[in-house]
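# Remarks on the overall topology
Listed below, chain by chain, are the residues.
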Amino acid sequence: MIMDRYSVIIWPGELPPTRGQLIQQVRGIDGFLSLLTDRIDEELMDLIGPQLKVISNMAVGVDNIDLIAATARGIPVGNTPDVLTDATADQAFALMLAAARRFLEADRFLRAGKWITWSPSLLLGADFVDATLGIVGFGRIGRAIAKRALGFDMHVIFHDPSAGSEFNAQPVELDTLLRLSDFISINVPLTYETHHLVNAKFLSRMKSNAILVNTSRGGVVDQAALYDALISRKIFAAALDVTDPEPLPLDCPLLELENCIIMPHLGSASRRTREMMSLLAAENLIAGIEGKRLPNCVNPQVYS
Ligand code: DGY
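What you see is a predicted model, and the numbers here were worked out from it, not measured in a lab. (Residues numbered from 1 in each chain as written. Predicted model: local features only at pLDDT ≥ 70, side-chain atom pairs only at ≥ 80, totals over all residues. Heavy atoms only, no water.)

What the domain assignment lists for the protein is domain 1 (19-81 + 270-303) and domain 2 (85-262). A C-alpha centroid distance of 31 Å is found between domain 1 and domain 2. Taken together, the 8 residues of domain 1 in the interface contact 4 residues of domain 2. Summing the contributions of domain 1 and of domain 2, the shared interface buries around 490 Å²; its carbon and sulfur component is 53%. It is Leu36, Asp63 and Pro81 in domain 1 that bury the most area against domain 2; as a group they hold 66% of the surface buried on that side. For the interface between domain 1 and domain 2, the tally reads 1 salt bridge. Residue aspartate 63 pairs with arginine 217 through a salt bridge whose shortest N-O separation is 2.9 Å. Across the domain 1-domain 2 interface, the total number found is 1 residue pair in polar contact (both at pLDDT 80 or more). (Domains from an automatic or database assignment. Contact = heavy atoms within 4.5 Å. Buried area = accessible area lost by both parts, 1.4 Å probe. Salt bridge = Lys/Arg side-chain N within 4 Å of Asp/Glu carboxyl O. Polar contact = N/O pair within 3.5 Å; in protein donor to acceptor, adjacent residues only side chain to side chain.)

Structure follows, in structure tokens:
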């Protein structure tokens, strides 16, 4: 137990600590187990002090941490890969199905008392068999989505200059992917380069029947451009597991649209997955405090 071996401060609040609260709590700590809601930048690292030995993020994404600053200070940063791949791929697929078959819109329709009869053209959606799925970012989660798509008899193409092919998926240029895909799944990490990758130009190249699904980070999608594309039916629908900001303010125009599904960042939210993420995060934390190599380190340069 971590509590038996170390002196531990646990943030008790349901909401993440504010910047001020974080600063008060973290001065002098040796290890930091963070959530994706904690922004850990250069200033915070300096306030914590030079004794800081490890930052262990309970997430696979580490865009909340300034990796350059951590590496410059020799601080290893841990994350929780692999254990959430299947849960997140399931979520992406569920969102594809929900958007294609208009689940939430249909549920609202029924609850509003609008269902008066079965009709051949009631709430028609999109097919999966023979449809083309384009995956932007063919890492662990992108590949797990491709694997699921095989079972639905889809054609899978992907764009990722650093990845090889798997599960019959064909590598293509981004333009080709946008031109051919009926479904597009976004699976790139949020970086300076991928910020607003899905912008007005990206959306204008998609097919008018296409469905966009994002389970990576909200900042990859320009939400104002997405709103324009959805309201003018330039694309069929979108399903977002992640938004920018999070939580999404209730006055966000995207929430007015029938053809946009939005989830409160639940990609990895299955019981077993969250247990495994917690364990990995604890292992990274302990290894770092004890001066050992982290089992999952995103900046291994600190060891060279
Ligand atoms: C991650 O681990 O980065 C996920 O977004 C958490 O659900």
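After that view, the rundown keeps rolling.
Let us look at the environment of isoleucine 141. Mapping isoleucine 141 onto the fold places it in helix α7 (residues 140-151). For isoleucine 141, a relative accessible area of 18% corresponds to the buried category. Considered as a pair, isoleucine 141 and proline 81 are 60 residues apart in the sequence and their alpha carbons are 9.7 Å apart. Those residues in contact with isoleucine 141 that lie beyond four places of it in its chain are Leu84, Thr85, Thr88, Ala89 and Asn187. (Helix = DSSP H or I, 4+ residues; strand = E, 2+ residues; numbered from the N terminus. Buried < 20%, exposed > 50% of the residue type's maximum accessible area, 1.4 Å probe, protein only.)

All right, on to the sheet that holds strand β3 (residues 77-78) then. Ordered in space as β1-β2-β3, the 3 strands form an open sheet in which the pairing is parallel. Both outer strands of the open sheet, β1 (31-34) and β3, are each paired with one neighbouring strand and no more. With 4 bridges connecting them, β1 and strand β2 (residues 54-57) associate as parallel partners. Residue pairing in the sheet places serine 34 in a bridge with asparagine 57 of β2. (Pairing = 2+ DSSP bridges.)

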